[in-house]
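Here is what each chain is made of, one letter per residue.
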Number of protein chains: 2
Amino acid sequence: MATTLETSATVGIGYRSDGPSRLILDQLADKWSMTVLAFLDRPRRFNEIKRHLDGVTQRVLTHTLRRLERSGLVARRVLTTSPIGVEYSLTPLGESLLEPLSHLYAWTDANLDDIRAHQLAYDQRVRG
Amino acid sequence: MATTLETSATVGIGYRSDGPSRLILDQLADKWSMTVLAFLDRPRRFNEIKRHLDGVTQRVLTHTLRRLERSGLVARRVLTTSPIGVEYSLTPLGESLLEPLSHLYAWTDANLDDIRAHQLAYDQRVRG
DNA sequence: CAGCATCCTCGAGGATACTG
DNA sequence: CAGTATCCTCGAGGATGCTG
């Protein structure tokens, strides 16, 4: 099972399904994580985040933040205010992730129309 | 690894949950899509891909390839050989996606140990 | 060889109610 | 305000068998 490293020497993209990239993808590919990371350009309160993510429930947002905190991407800080407050912010590790992600966003913006056109053409080809 | 890009500290990352990046993430974040893309450094036959993805079923691989084809990232070509064959390859659009993805892979490789350490520490703190 | 047709499992995500 | 605690839905993914 020790797979050899014969994969994609041409392209030079070191992705393997059992590799570390899989782990990161699993971390980010849920419904809200990336939106949360993008919103944490400054420290934000729990309900502030919740209001920003239209439709998220408390339970799911809590789970999302816990997972990001667990991986060291987000820091959680309890404020000893009158009603207790909790502040979430990006860690340096979390901030460093924004840069590679921005490349993906840029690609998306540049190719979205192309993708949509392909999808539309495919659907018409299959249906009609 | 401190990039001199000054984008990370500011909002400069144009991600929104209702934006196009969401669409791309939904496309790539399934269990096999990225592995398939990485494996298509050259045209590959269906069963060739299936053998490479350890554990994937025919049904799921078919669906994965259909989705990638629908978005224009992968091309499907039927070979009129003795037993019919099908060849899958990256489109230029699909190839262009590998570059931004490689940034994500590089980040992952550079920070995997850090992430794993955070997760371990978190689990012990919470008492798992 | 490369599928499609069924059936089934399992967990992410949501609805709702309660609380320190 | 920022959470838990239950319960439920829904679809991705898997198992298995059949076929042009």
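Predicted model, so just to flag it, every value in this text is computed and none were measured.

**Q** Could you give an account of the pairing of strand β2 (residues 74–79) of chain B, naming the residues involved and the relevant values?
**A** All names here are of chain B. Taken together, the 6 bridges between β2 and strand β3 (residues 85–90) define a ladder with antiparallel strand orientation. Looking across to β3, one finds that R77 is bridged to E87. Adjacent in sequence and paired antiparallel, β2 and β3 are bridged by 5 residues.

**Q** Let's hear about the protein's contact with DNA strand C: which residues, and what values?
**A** The immediate surroundings of DNA strand C are formed by 21 residues, with A:K31, B:R45, B:N47, B:R76 and B:Y88 found nearest. A:K31 places a polar side-chain atom, nitrogen or oxygen, 2.5 Å from a phosphate oxygen of DNA strand C. B:F46 places a main-chain nitrogen or oxygen 3.5 Å from a phosphate oxygen of DNA strand C. Secondary structure elements with two or more residues in the surface near DNA strand C: α4 (58–70) of chain A together with α3 (46–52), α4 (58–70) and β3 of chain B. A per-class count over the surface near DNA strand C returns 7 nonpolar, 6 polar and 8 charged.

**Q** Which residues make up the protein's contact with DNA strand D, and what values go with them?
**A** Near DNA strand D there are 20 residues, and of these A:R45, A:N47, A:R76, A:Y88 and B:K31 occur at the shortest range. A share of 69% of the atoms of DNA strand D within 4 Å of the protein falls on sugar and phosphate groups. Within the backbone of A:N47, a nitrogen or oxygen atom sits 2.8 Å from a phosphate oxygen of DNA strand D. One of the side-chain N or O atoms of A:R59 is found 3.4 Å from a base oxygen in DNA strand D. Among the elements of the structure, α3 (46–52), α4 and β3 (85–90) of chain A together with α4 of chain B are those that each provide at least two residues to the surface near DNA strand D.

**Q** Can you break down the pattern of salt bridges residue by residue, with the values?
**A** According to the stated counting rule, one finds 12 salt bridges over all chains in the structure shown. Of the charged contacts, one joins B:R67 and B:D30 as a salt bridge, the two residues approaching to 3.4 Å between their closest N and O atoms. Residue B:R67 is found in helix α4, and its partner B:D30 is found in the loop between α1 (20–28) and α2 (33–39); the two are separated by 37 residues along the sequence. The exposure class of B:R67 is partly exposed, given its relative accessible area of 33%. Given the relative accessible area of 16%, B:D30 is considered buried. The network of salt bridges with common partners includes A:D41, A:R42, A:R44 and A:E48.

**Q** With reference to specific residues and values, describe the sheet that holds strand β2 (residues 74–79) of chain A.
**A** Strand pairing in a sheet relies on backbone hydrogen bonds, with the paired strands running either antiparallel or parallel. All names here are of chain A. The strand order across the open sheet formed by 3 strands is β1-β3-β2, and the pairing between neighbours is antiparallel. Every interior strand has two partners, whereas the edge strands, β1 (44–45) and β2, have only one. Lying over the sheet, α4 contacts β2 and β3, oriented at roughly 115° with respect to β2.

Definitions and limits used
- Residue positions are given per chain, counting from 1 as you read along its sequence in written order.
- Starting at A for chains and at 1 for ligands, labels are handed out in the order in which the entities are written.
- With the structure being a predicted model, the display of local features is reserved for residues of pLDDT at least 70 and the display and counting of side-chain atom pairs for 80 or more, all residues being used for whole-chain, interface and lining totals.
- The side-chain quantities take in all heavy atoms of the structure and omit both hydrogens and water.
- A pair of strands is treated as paired once DSSP finds two or more bridges between them.
- Put simply, DSSP H or I for four residues or longer makes a helix, DSSP E for two residues or longer makes a strand, and each gets a number counted from the N terminus.
- A molecule or strand has a residue near it when one of that residue's heavy atoms lies within 4 Å.
- We call two N or O atoms a polar contact when they sit within 3.5 Å, provided that within protein one can donate a hydrogen and the other can accept it, with sequence-adjacent residues counted only if both atoms are side-chain atoms.
- Residues are sorted three ways: Asp, Glu, Lys and Arg are charged, Ala, Val, Leu, Ile, Met, Phe, Trp, Tyr, Cys and Pro are nonpolar, and all the rest, Gly among them, are polar.
- For this analysis, a salt bridge means a side-chain nitrogen from Lys or Arg found within 4 Å of a carboxyl oxygen belonging to Asp or Glu.
- Relative accessibility under 20% of the residue-type maximum defines a buried residue, over 50% an exposed one, and the middle range a partly exposed one, all with a 1.4 Å probe and only protein chains included.
- Here a residue-residue contact requires only that any non-hydrogen atoms of the pair lie within 4.5 Å.
- To define axes, lines are fitted to C-alpha atoms, for helices over the stretch in contact only, and angles between the resulting N-to-C directions are given on a 0 to 180 degree scale.

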